[in-house]
Amino acid sequence: MEKIVRQSLLYDFYGELLTEHQKSIYEDIVMNDLSYSEIARLNGISRQGVYDMIKRCDKILEGYESKLKLVEKFVNARNKIADIQESIEVLKTKNQDEQLGSMIIDIEEKTSKILEDF
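Keep in mind that what you see is a predicted model, and the values were worked out from it rather than measured.

Draft legend 1. Fine view of the nonpolar core. By size, the foremost hydrophobic cluster in this structure holds 19 residues, and its most contacted members are Ile25, Tyr26, Val50, Ile54, Leu61 and Val71. Sorting the residues of this core by element identifies helix H1 (3-14), helix H2 (20-30), helix H3 (36-43), helix H4 (47-68) and helix H5 (70-94) as the ones contributing at least two each. For this core, the element with the most residues is H4, which contributes five residues. Beyond its immediate sequence surroundings of up to four residues, Tyr26 is in contact with Gln7, Tyr11, Met31, Ile54, Cys57, Asp58 and Leu61.

Draft legend 2. Region of the structure containing the pattern of salt bridges. Inspection of the entire model under this criterion finds three salt bridges. The partner of Glu62 in a salt bridge is Arg6, and the shortest N-O contact between them spans 2.9 Å. Taken as a pair, Glu62 in helix H4 and Arg6 in helix H1 lie far apart in primary sequence, 56 residues in all. By relative accessible area, which is 32% here, Glu62 ends up partly exposed. Its salt-bridge partner being Glu16, residue Lys23 comes within 3.1 Å of it at the nearest N-O pair. Judged by its relative accessible area of 8%, Lys23 is buried. A cluster of three or more residues bridged by salt bridges with shared partners is formed by Glu16, Glu20 and Lys23.

Draft legend 3. Main features of H4. Across its 22 residues, H4 extends 32 Å between first and last C-alpha, which sits within 8% of the 32 Å expected from 1.5 Å per residue. Every buried residue belonging to H4 is among Val50, Met53, Ile54, Cys57, Asp58, Leu61, Gly63 and Glu65, and all of these are buried. Looking one or two places after H4, you find Lys69, whose phi comes out positive at around 60°.

The rules we used
Residues numbered from 1 in each chain as written. Predicted model: local features only at pLDDT ≥ 70, side-chain atom pairs only at ≥ 80, totals over all residues. Heavy atoms only, no water. Core = buried A, V, L, I, M, F, W, Y, C linked by side-chain atoms within 4.5 Å. Buried < 20%, exposed > 50% of the residue type's maximum accessible area, 1.4 Å probe, protein only. Helix = DSSP H or I, 4+ residues; strand = E, 2+ residues; numbered from the N terminus. Contact = heavy atoms within 4.5 Å. Salt bridge = Lys/Arg side-chain N within 4 Å of Asp/Glu carboxyl O. Expected span 1.5 Å × (residues − 1).

What follows is the structure, encoded as structure tokens:
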């Protein structure tokens, strides 16, 4: 998984467990795409201080993930639902039975709603 996507997911799941200061700096790097220098200037700290804070936050968030596995479960569920939706598309193209067609549409709508919740 691309590093920035993983950082975003980890932050989405565990970010509230960081301190306000950690959250602010981590958001600036991951969500707002600011440079270390920009963040250092905005917060009155050194560029090295920002770098150290990001490394510390990454370690904290990865620690939570290694224990709770919420991101892993989320990604697996999303992939399985995508597989189901692909199967539905295949069934829709091969389907001739009206009742089966309405069941397929119902399943498709339900899986779409699950994905929206993620």
